[in-house]
Amino acid sequence: MGLHRVVEPAGVLPQAAWRLDARPEIAANEVRIRVERLNLDAASFRQLFDKHGGDGAAVRAEVLEIISTRGKMQNPVTGSGGMLIGTVEEAGRRSPLGLKSGERVATLVSLTLTPLVVTDGLARWDGRSEQVPCDGWAILFARSVAAVLPQDLDPQLSLAVLDVCGAPALTARVVSRYVAERAVDGPPVTVAVIGGAGKSGSLSLAAARQAGAGRTVGVVPVAAERDALTAARLCDAVAMADARDPVALSTAVTSALGVPADVTVVCVDVPGCEHGAVLATADGGTVIFFSMATSFSAAALGAEGLAADVTMLVGNGYVPGHAELALGLLRADPGVRGLFEARLAAD
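Attention in this report is confined to the structure presented alongside it. (Residues numbered from 1 in each chain as written. Predicted model: local features only at pLDDT ≥ 70, side-chain atom pairs only at ≥ 80, totals over all residues. Heavy atoms only, no water.)

Concerning the overall build of the chain
Scanning the chain for helices and strands turns up 11 helices and 14 strands. Since a compact globule built from 347 residues should have a radius of gyration of about 20 Å, the 20 Å found for the chain is in line with a globular shape. Dimensions of the chain along its principal axes, counting C-alpha atoms only, are 60 × 40 × 40 Å. Within the chain, the fraction of its 347 residues that count as buried is 52%. Accessible surface, the chain: about 14,400 Å² in total, of which carbon and sulfur atoms supply 53%. Taking the average location of the 30 positive side-chain charges in the chain and that of its 37 negative ones, the two points are 5 Å from each other. (Helix = DSSP H or I, 4+ residues; strand = E, 2+ residues; numbered from the N terminus. Rg over C-alpha atoms; globule rule 2.2 N^0.38 Å. Buried < 20%, exposed > 50% of the residue type's maximum accessible area, 1.4 Å probe, protein only. Areas by Shrake-Rupley, 256 points an atom, 1.4 Å probe, with all protein chains shown as cover. Lys, Arg positive; Asp, Glu negative; His and termini not counted. Charge placed at Lys NZ, Arg CZ, Asp CG, Glu CD.)

Here you go:
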């Protein structure tokens, strides 16, 4: 679990630690990765970008400071990090991960618990995109998760997909359960994805449809995203609403679906969307929060205040088979692939 890498405070797991020991020497059950590229999670990057008014040099300087100070990449405001791709340099003889030297891999655990050193000053990054080319090393533990990069996909594309692969996997699991419960004579399962044009949102829409959802809606904040999601044909309806406006969001979802959503998936990178998601969900429904900008106290207290009988799930980023499922959706659905490729091109 990496407890021996915790510098301070003592006794906590690496994710909760303020600082980690990122020395390159590995224990017998560790793996050292030569890092090629980081993928900052959306909430963290937005917070840094907004804080510095779009000044890429300032963003780059703060990311460097975080990594050098903490021995990992963990945004002190959002508490989130991201993930990375790189090449296995050395695998300890007792590592259970099955990785071999020379394999290109993506880490499927957060940078917030991954010992990390950057050696090139992020010189090739302008501080204006989530993907960060860099040189350095990172350490994986016995309980870490990593995937060998597929050879049929561009590494940057794989990185973008694997960064959010927990979202479609959990969405598929939850929707499948609703579909199974209503298999005989129940009404079709309705699904709303807030932030449907983004990475996790587009994959979640595709996963919901594949799992048997009867009607889906993707909610976006601006016309450009509405047009892109409409062209991708990932959902039955596209609605525009500010997810921070609870009544507007609920009205948009209910109008598009004809009823409140059985399953609402929150994939936005801004705070303040909790109450709208709860209000848009039917009694007995489920809200899945994938955004690292979510306030879970606001979600819980908001549901209580609304007397909303909903189950709320925290998407923890890991579901068995999540990498294979997400990559399969990308390969099979031109709409998903188009949105990802357009995003990478824009970056």
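Overview of the pairing of strand 5 (residues 104-107)
As defined by bridge partners, strand 4 (residues 82-91) adjoins strand 5 across three bridges and the pair is classed as antiparallel. Bridging across to strand 5, Ile85 finds its partner in Ala106. Judged from the three bridges that link them, strand 5 and strand 8 (residues 146-148) form a sheet pairing that is antiparallel. From the neighbouring strand, Ala106 faces strand 8, where its bridge partner is Ala147. (Pairing = 2+ DSSP bridges.)

Looking at the pattern of salt bridges
Enumeration over the complete set of coordinates arrives at 19 salt bridges. Of the charged contacts in the structure, one is a salt bridge between Asp120 and Arg124, with a shortest N-O distance of 3.6 Å. Since its relative accessible area comes to 21%, Asp120 is described here as partly exposed. For Arg124, a relative accessible area of 54% gives the class exposed. Overlapping salt bridges bring together Arg32, Arg34, Glu89, Glu90 and Asp135 as one network. (Salt bridge = Lys/Arg side-chain N within 4 Å of Asp/Glu carboxyl O.)

With respect to helix 3 (residues 155-162)
The buried fraction of helix 3 is high, at six of eight residues. Within helix 3, burial applies to Leu157, Ser158, Leu159, Ala160, Val161 and Leu162. At the N-terminal end of helix 3, a side-chain oxygen is found 2.8 Å from the backbone nitrogen of Gln156, two or three residues along, and the residue is Asp154. (Polar contact = N/O pair within 3.5 Å; in protein donor to acceptor, adjacent residues only side chain to side chain.)

Quick look at the sheet that holds strand 4
Taken in spatial order, the six strands of this open sheet run 6-7-3-4-5-8, and their pairing is antiparallel. Because the sheet does not close on itself, it has two edges, and the strands there are strand 6 (116-118) and strand 8. Averaged over all pairs of adjacent strands, the angle between their axes in this sheet comes to 35°, without regard to strand direction. Here strand 6 pairs with strand 7 (residues 131-140) via three bridges, running antiparallel. Across the sheet, Val118 pairs through a bridge with Gly136, a residue of strand 7. (Axes fitted to C-alpha atoms, helices over the stretch in contact; angles between N-to-C directions.)

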